[in-house]
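Below are the chains, spelled out letter by letter.
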Amino acid sequence: VQLQASGGGLVQPGGSLRLSCATSGSIFSIKHMGWYRQAPGKQRELVATIFIASGGITNYVDSVKDRFTIATDNAKNTVYLQMNSLKSEDTAVYYCNAVVGKASIRYWGQGTQVTVSS
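Residues numbered from 1 in each chain as written. Predicted model: local features only at pLDDT ≥ 70, side-chain atom pairs only at ≥ 80, totals over all residues. Heavy atoms only, no water.

### Description of the packing of aromatic side chains
Step number 1: A complete count under the given rule lists two aromatic pairs for this structure.
Step number 2: Ring centres of Tyr95 and Trp108 lie 6.5 Å apart, and the angle between their planes is 85°; this geometry places the pair in the edge-to-face category. Taken together, the residues Tyr95 in strand S9 (residues 92-100) and Trp108 in strand S10 (residues 105-108) connect sequence positions 13 residues apart.
Step number 3: Exposure remark for Tyr95: the relative accessible area of 17% places this residue in the buried category.
Step number 4: Note on Trp108: relative accessible area 36%, which makes it partly exposed. (Phe/Tyr/Trp six-rings, centres within 6.5 Å; stacked < 30°, edge-to-face > 60°. Helix = DSSP H or I, 4+ residues; strand = E, 2+ residues; numbered from the N terminus. Buried < 20%, exposed > 50% of the residue type's maximum accessible area, 1.4 Å probe, protein only.)

The following block contains the structure:
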């Protein structure tokens, strides 16, 4: 499984961005996918998860609930993270992740920088 993340950038507080994670390879065996973020000097944090093998159930860290939405476009084999009402504390490098197969092997995309600043 290969993951290609894109969509980061510079946005003002209150603005929106949509991150994309294009998948290829053995995507039929993906169980769930997530977006993580890592701010300077902080540990990587799980932001949102979509449980593909469970009908698309989603889960979010409290700090982004009602602002971020994770979704899939099966026709494009892509997972999105729609981020609205962005805050300075959302500034981080964002990574997409896939958990694959019975062995739950993790695959990572390259990071994409999101900077929220006026």
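### A short note on the nonpolar core
Across soluble globular proteins, nonpolar side chains show a tendency to be buried alongside one another.
Step number 1: The biggest cluster of nonpolar side chains holds 29 residues, and the ones touching the most others in it are Met33, Trp35, Phe68, Ile70, Leu81, Met83 and Tyr94.
Step number 2: Of all the secondary-structure elements, those providing two or more residues to this core are strand S1 (2-6), strand S3 (17-24), strand S4 (30-38), strand S5 (45-51), strand S7 (68-73), strand S8 (78-83), S9 and strand S11 (112-116).
Step number 3: Per-element tally for this core: the top contributor is S9, with five residues.
Step number 4: In this view, Ile70 contacts Met33, Gly34, Trp35, Ala48, Thr49, Ile50, Thr58, Tyr60, Val79, Tyr80 and Leu81; residues no more than four positions away in its chain are not counted. (Core = buried A, V, L, I, M, F, W, Y, C linked by side-chain atoms within 4.5 Å. Contact = heavy atoms within 4.5 Å.)

### Section: the sheet that holds S7
Step number 1: Taken in spatial order, the four strands line up as S1-S3-S8-S7 in an open sheet, and their pairing is antiparallel. Only two strands of the sheet have a single neighbouring strand rather than two, namely S1 and S7. Ignoring strand direction, the axes of neighbouring strands in this sheet form an average angle of 15°.
Step number 2: Looking at chain direction, S3 and S8 are connected through six bridges and run antiparallel. By the bridge assignment for S8, Leu17 is matched with Met83. (Pairing = 2+ DSSP bridges. Axes fitted to C-alpha atoms, helices over the stretch in contact; angles between N-to-C directions.)

### Here's the deal with the pattern of salt bridges
Should their charged atoms come close, side chains of opposite charge can pair.
Step number 1: Scanning the entire structure with this criterion turns up four salt bridges.
Step number 2: Here Glu45 ties to Arg37 by a salt bridge, and the two come within 2.8 Å at their closest N and O atoms.
Step number 3: Overall, the relative accessible area of 28% leaves Glu45 in the partly exposed class.
Step number 4: Accessibility expressed as a relative area gives 7% for Arg37, which makes it buried.
Step number 5: The closest approach of N and O atoms between Asp90 and Arg67, which form a salt bridge, is 2.8 Å. Placement of Asp90 in the loop between S8 and S9 and of Arg67 in the loop between strand S6 (57-60) and S7 is noted, with a sequence separation of 23 residues between them. Across the pair, exposure class does not vary: Asp90 and Arg67 are buried alike. (Salt bridge = Lys/Arg side-chain N within 4 Å of Asp/Glu carboxyl O.)

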